[in-house]
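Inside the fold
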Amino acid sequence: MSKKFTAAELHNKLVYLLSPVLSSRRTAAPLAGSLAPLMCEQQDFVLHWIEVINRSNYEMGYQFAAAAPAAFKKLDNAAIEAWIIQAMDTYDRDGLHRGSQVFKQIETWTQAASGTEMATFEEHAHVLELFVCGLAGRPLQLDTANEPWTDTETLYLPPHIAVLPSKAENFSIYKVLATLLWAQGRYGTFHADLAAACIGFAEPARATALLSHLENLRLEARISRVLPGIARDLARLRGSAIDDRCAVLTTPNATVNHSIALLHRLYGVIDAPRHAWSTQLRPAAQNVREARIKREQSELAAALAEWAQNELAPENDPGTEPGTETLERFQINATVNAENDSGIDFELQFDGAPLAPPEHVRQLLDSILQDLGDIPDDYLQGTGADDASAREDAEENESTDARPDTNHEDTTHFYNEWDYKRRHYRKNWCVLRELDVNPATNNFVAETLSKYRPQITQLRRTFEMLRGEDKVLKRQAVGDDIDFDALVSAYADLKSGHELSDRLFTRRHKNERDLAVLFMVDMSGSTKGWINDAERESLVMLCEALEVLGDRYAIYGFSGLTRKRCEIYRIKRFDETYDNNVRQRIAGITPQDYTRMGVAIRHLTKLLNQIDARTKLLITLSDGKPDDYSDHYRGAYGIEDTRQALIEAHRAGVKPYCITIDSEARDYLPHLYGPVNWTLVDDVKRLPLKVADIYRRLTA
Amino acid sequence: MPTKPTKVAPLATPSLQTEARFITTQPYYEAVGNEIALFEAAYASTLPVLLKGPTGCGKTRFIEHMAWKLKRPLVTVSCHDDLTAADLVGRYLITSNETVWVDGPLAHAVRAGAICYLDEVVEARRDTTVVIHPLADDRRILPMEKHGELLQAPPEFLLAMSYNPGYQSVLKELKQSTRQRFVAIDFDYPDSTLEEKIIVTESGTDASTAAALVRLAQMTRNLKGNGLDEGASTRLLVHAAKLIARGIPAATACHSAIAEALSDDPEMLRAIDEFVAAVF
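Residues numbered from 1 in each chain as written. Chains lettered and ligands numbered in written order. Predicted model: local features only at pLDDT ≥ 70, side-chain atom pairs only at ≥ 80, totals over all residues.

So, the overall build of chain B
Note the threshold: Only DSSP runs of H or I reaching four residues or more are called helices, and only runs of E reaching two or more are called strands; each is numbered from the N terminus. To assign burial, the other C-beta atoms lying within 10 Å of each residue's own C-beta are counted, with C-beta atoms placed from the backbone; 20 or more indicates buried, 12 or fewer indicates exposed, and intermediate counts indicate partly exposed. A pair of residues counts as a contact when their C-beta atoms, built from backbone coordinates, are separated by no more than 7 Å.
Helix and strand counts for chain B come out as 12 helices and nine strands. Out of the 280 residues in chain B, the part that is buried amounts to 44%. Summarising the internal contacts of chain B: among those between residues at least 6 apart in sequence, 72% fall at separations of at least 24.

Quick word on unusual backbone geometry
Here Thr562(A), not a glycine, exhibits a phi torsion of approximately 65°, which is positive. Relative to the helices and strands, Thr562(A) resides in the loop between strand S15 (552-560) and strand S16 (566-572).

Observations concerning the nonpolar core
To keep it simple, the criterion reads: Here, a nonpolar core means buried Ala, Val, Leu, Ile, Met, Phe, Trp, Tyr and Cys residues linked by C-beta atoms lying within 7 Å of one another.
With 85 residues, the main nonpolar core has Val132(A), Ala178(A), Leu213(B), Leu216(B), Leu237(B) and Ala240(B) as its most contacted residues. Per element, the largest residue contribution to this core is 10 residues, and it comes from helix H9 (residues 167-186) of chain A. Among all residues touching Leu237(B), those that are not within four sequence positions of it are Ile199(B), Leu213(B), Val214(B), Ala217(B) and Ala232(B). Leu539(A), Leu549(A), Ile571(A) and Tyr668(A) belong to the second largest nonpolar core, which has 70 residues in total.

A closer look at helix H19 (residues 453-466) of chain A
Residue and element names in this part refer to chain A. Filter applied, for reference: Multiply 1.5 Å by the residue count of a helix minus one, and that product is the helix's expected span. By definition, the arc is the one covered by directions from the helix axis to the C-beta atoms.
In this model, H19 (14 residues) spans 20 Å end to end at C-alpha, consistent with the 20 Å of a helix rising 1.5 Å per residue. Here H19 has its buried residues at Ile 456, Leu 459 and Phe 463. Buried residues of H19, viewed axially, fall in a sector of 60°; they line one side. Among the exposed residues of H19, those pointing more than 90 degrees away from its buried face are Pro 454, Thr 457, Gln 458, Arg 461, Glu 464 and Met 465. Those residues of H19 hidden inside the fold are in contact with helix H18 (444-451), helix H21 (530-549) and helix H26 (687-699).

Digging into the environment of His126(A)
Inspection of the secondary structure puts His126(A) in helix H8 (residues 121-136). In the structure, His126(A) is positioned 16 residues away from Leu142(A) in sequence and 9.3 Å away in space, judged by C-alpha atoms. Beyond its immediate stretch of four places on either side in the chain, His126(A) contacts Asp683(A) and Glu267(B).

Here we look at the packing of H19(A) against H26(A)
Packed helix pairs are characterised by how far apart their axes lie and by the angle those axes make with each other. Residue and element names in this part refer to chain A. Operational definition: The convention used is that axes are lines fitted to C-alpha atoms, helices contributing only their stretch in contact, and that angles between N-to-C directions extend from 0 to 180 degrees. The scheme is simple: roughly parallel for angles under 35 degrees, roughly antiparallel for over 145, roughly perpendicular for 65 to 115, oblique for anything else. Polar here means any residue other than Ala, Val, Leu, Ile, Met, Phe, Trp, Tyr, Cys and Pro, which are nonpolar, and Asp, Glu, Lys and Arg, which are charged; Gly is therefore polar.
At a minimum axis separation of 11 Å, H19 and H26 run at an interaxial angle of 5°. Viewed along their axes, H19 and H26 adopt a mutual orientation that is roughly parallel. Between H19 and H26, the residues in contact are Gln 455, Leu 459, Thr 462, Phe 463 and Leu 466 and Leu 689, Ala 692 and Arg 696, respectively. Per-class residue counts for the contact of H19 with H26 are five nonpolar, two polar and one charged.

A word on the sheet that holds strand S1 (residues 49-52) of chain B
Residue and element names in this part refer to chain B. Test applied: Between any two strands, at least two bridges found by DSSP are needed for them to pair.
Strand order in the open sheet formed by five strands is S2-S5-S8-S1-S9, and the pairing between neighbours is parallel. The open sheet has two edge strands, strand S2 (74-78) and strand S9 (183-186), and neither has a second partner. Within this sheet the neighbouring strands show an average axis-to-axis angle of 20°, counted without direction. Pairing of S1 with strand S8 (residues 158-163), which is carried by four bridges, proceeds in the parallel orientation. Bridge pairing in S8 places Lys 52 opposite Tyr 163. The strands that helix H4 (residues 105-112) touches are S2 and strand S5 (115-119); relative to S2, the one it contacts most, it runs at about 165°.

Observations concerning the sheet that holds strand S4 (residues 154-157) of chain A
All names here are of chain A. As summarised here, the arrangement of the three strands in space is S2-S4-S3, forming an open sheet in which the pairing is mixed. A single partner strand is all that each edge strand has here, and the edge strands are strand S2 (141-144) and strand S3 (149-150). Of the pairings in the sheet, the one linking S2 to S4 comprises four bridges and is parallel in character. What sits directly across from Gln 141, in S4, is Thr 154. Running over the sheet, H8 touches S2 and S4 and is turned about 155° from S2.

A short note on helix H1 (residues 35-44) of chain B
Residues and elements named next belong to chain B. What H1 keeps buried is the set Glu 35, Phe 39 and Tyr 43. The arc enclosing the buried residues of H1, seen along the axis, measures out at 70°, which places them on a common side. Facing away from the buried side of H1 by over 90 degrees, the exposed positions are Ala 37, Ala 41 and Ala 44. Buried positions along H1 lie against S1, helix H2 (59-70), S8 and S9. Just downstream of H1 lies Thr 46, where phi reads positive at about 50°.

A look at the environment of Pro357(A)
Residue and element names in this part refer to chain A. The topology assignment puts Pro 357 in the loop between strand S8 (353-355) and helix H16 (359-372). Residue class for Pro 357 comes out buried when judged on the 20 C-beta atoms lying within 10 Å of it. For the pair Pro 357 and Leu 304, spaced 53 residues apart in the sequence, the C-alpha separation amounts to 9.0 Å. The residues contacting Pro 357, other than those within four sequence positions of it, are Leu 348, Arg 362 and Leu 365.

Here it is in structure tokens:
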């Protein structure tokens, strides 16, 4: 049992923790003074969290320390953790200023909390994410904002709701809000120009609020036909019947235009009521939607053309760009399933024959149909699709060989890179060096081990069960089944007067797993902070599990800055044991620069191929798309190069797999790794627990 | 430790002989596309068939339906990871001081001119799939090395197998040399109207329950790859509908028959329960 710190002791600790942001004018003394009266557990709690927050940013740590004493007066530990996580998420997303605002505005968190059990976004985010993902069938992000609204790609929900007495009821408000926001995109709220509809009124803001209210009523009626449970929740929340004047909105074929017409009639007559469960409309949504519609039109054209080129009509000369004529051979008939509102069915035809589109084309069509309700005719007519490619080609004139300006060290490797525009490799385009990770001498590994001790025990147990595959040994003296072959020959021996053998049994034997796996860890700058922590923790857990299993494994990190400085960081080689050096190197993984993935995959495939194993796995831990500074690696070029590198790996007998935390992964990973050879872990905090589990499923 | 047998005891009459089963009553099957015509054409041309698709979408029911339609006996082998080549082809058994050859299900199906259906073939040991290679190309023979016999398949014989490409284990991929011998028929969940009809017919529940179940299934299928390995299959929906038709409340029935069947993750279970609460 530790005892309470005095102000002086706290002062020393705070100076140690926060020295980078302290100065002569801003000392630790006032902080220490305000923390001193807290209880001993609360002091420990604060010091622990300052240390955690410092890993991302020292100023945020300071702001937390300053705000903590006030928070303890009004919130319990769980609520404070939710508050910290909210602040850190805001920091990760919007930077220091917004992040520290969350710490400073503790009041907004505490005012609602009395007498009700607050539901926070943080605790329900995962369930809500799954919920909207199930509803929408196309990627929707969730995020927090003070007013609930959506730009049709992200649903913004309040950080906490404390309106009704119980947690469950407050959660149901979250559910209702998420459903209403999803319905705005799904049932055509943005089919009309909302900003224009409200601009003519004396107070456009008031008109927008009323229109939001009317749309809520229309959508509620729409929802009640598909999701009666949600409609019941809504009706319960409202408590009273819908205003008769709005009855037209509840008819099955009411559209956003009915709402706008009603707005003109009711503006100034009634005002929009303000409820915790009413959503807002923002004109910004229109822009996002238009951008997406435009993007998806070109994506659809590209996807269909590529599909036609590769699979449907490969007899075309591969040298020519798939263009107008190919697209026009497609035909799409969409029928909205109005009867039960369950969705839009469509049939895709190519040269008049019906076809089942590949998964990514299907998702695109689905998304377009959700936005537009139909596939416009001009979507299947080729446009001047090559302008973008022409621009990229123009940028690419300095195709000089990378060799001249590099020092010839013995650990330098040269790799080709695939140029999808030119359909050939750029020779010796990337320069790659193998470096060692600087070992860190902190006790990160020990901390991780103690943090996840129960999970590690569990993990070891499940991995123990995996160890080895069954093999039947024949002609054993002892075993669990009769070996008939041995018996038959023994019988023949006996008949002919020979000695009877006693090796007449078969026995099961656990055989060694013939598997080698190489983990390729993203060390790009974007992993800074929690992602890096999660990656390192994942590696520690993984090593613990793999040691049990006895699989041969290696860990390498990758990063780089431009094609002339691609770097591979050695963390554990195949021939190294999991010793203290490896542990210190795992602890020493630090975020570096960019993610030029193609060259890293090529190099590590080469390393993996030096190992003799029946199955070779290359597992990537990544946090986003391939990307590099300059030379337009970002975007299609990088994706195609990575894809080519993966195809090469496949050809060389290496099985690639990807574990990502990028919520947009669905858009590009199936193209890179195929439909099943990747997993999205959408919550960074769960990564350490998930990675080992994914590995177990992968190799079971 | 097992004791050493003092003498070789005569075994009972071998009962491991697999019975080829004639299907006499029509199994209920709703065609999703042109799979019936495709299968019949493949059968007429003595081409082996590979049924691809997620679990519970009707592959096994389809093969039973086709066996009934073509009036051929059906031999089904559920493949497991201990299934060896001998399990398929046959082995010697010992009875009263002599060895007796017993055909395995595959050899039996070849002799009987039956349809042999290898369910979830990737689950079997890798050497198993190689035995079927000579049977799956134009030679159509089954060499039984141990028995010293070369079985020539009659034209009525058909080899069919099923395969779920959604498995994530890299060790459970079908080898190219195997898959390239088959006519592949792709199965997916039926569209909503058809799926509702199937649920109503199979479970006897009402149309509105069936519609809600289909909507629920679509939501879980949207989560595929996002926490779920597979969405709810038609089979699961039929299970839930049967429970509901017997008076179990929808929330309980869906939780037991669908949510718990799909996942163990508490948050995922909550999300599915929320879907159930929303659609009913």
